[in-house]
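# Coordinates in review
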Amino acid sequence: QVQLVESGGGLVQAGGSLRLSCAASGRTFSSYAMGWFRQAPGKEREFVAAIDWRGGSKNYADSVKGRFTISRDNAKNTVYLQMNSLKSEDTAVYYCAVYSGRYVVGRLESWGQGTQVTVSS
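The paragraphs below set out a description of the structure included in this document. (Residues numbered from 1 in each chain as written. Predicted model: local features only at pLDDT ≥ 70, side-chain atom pairs only at ≥ 80, totals over all residues. Heavy atoms only, no water.)

## As for the overall build of the protein
For clarity, the cut-off: In DSSP terms, a helix is any run of H or I states spanning at least four residues, a strand is any run of E spanning at least two, and both are numbered starting from the N terminus. The globule rule is 2.2 Å times the number of residues to the power 0.38, and the radius of gyration it is compared with is taken over C-alpha atoms. Burial status follows relative accessibility: with a 1.4 Å probe on protein chains alone, a residue under 20% of its type maximum counts as buried, one over 50% as exposed, and anything between as partly exposed.
Tallying secondary structure elements over the protein gives zero helices and eleven strands in all. Reading the secondary structure of the protein in the N-to-C direction produces β-β-β-β-β-β-β-β-β-β-β. For the protein, the C-alpha radius of gyration of 13 Å lies close to 14 Å, the compact-globule estimate for 121 residues. Taking the principal axes of its C-alpha atoms as reference, the protein extends roughly 40 × 25 × 25 Å. Residues classed as buried in the protein amount to 40% of the 121 residues present.

## Structural notes on the pairing of strand β8 (residues 78-83)
Looking along a regular strand, one sees side chains alternate from face to face of the sheet. Put simply, the test is: Think of it this way: DSSP has to see at least two bridges between two strands before they count as a pair.
β8 sits mainly inside the fold: five of its six residues count as buried. From the end of strand β7 (residues 68-73) to the start of β8, which pair antiparallel, there are four residues, and Asn 77 there has a positive phi angle of about 55 degrees.

## A look at the state of the cysteines
Quick note on the threshold: Any two cysteine sulfur atoms lying within 2.5 Å of each other are counted as a disulfide.
One pass over the full model with this rule turns up one disulfide. In this model Cys 22 forms its disulfide with Cys 96; the gap between the sulfur atoms is 2.2 Å. Looking along the S-S bond of the Cys 22-Cys 96 disulfide, the torsion reads about -85 degrees, which is the left-handed sense. In this pair, Cys 22 is assigned in strand β3 (residues 18-25) and Cys 96 in strand β9 (residues 92-99), connecting sequence segments 74 residues apart. In terms of burial, Cys 22 and Cys 96 fall into one category: buried.

By themselves, these are just geometric observations and shouldn't be taken as functional.
Structure below.
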């Protein structure tokens, strides 16, 4: 099973930027699609972005499209989420997850512990 550790969260002003990182270990990273999810207080965990095994296909939630960019560096066993033009509604704990296969479909088999992103208005 893949172990995931998120980092890069923090406090930023609205309109600012952050880059989140997710480092993977314990299983072959390059064979699997990866995703980012988030959960705000009192709300359900929601999908943010995902990327297939080689980075050729990306998916985004409508709420972040045009502002966030997901990428990966398989040589470093790391997936990134570049977050620009941040809004107060982006405030949440952000989680990295690994899919069960090469593409953004099917079961999510492992989750990180999360990193807090707080956007002040």
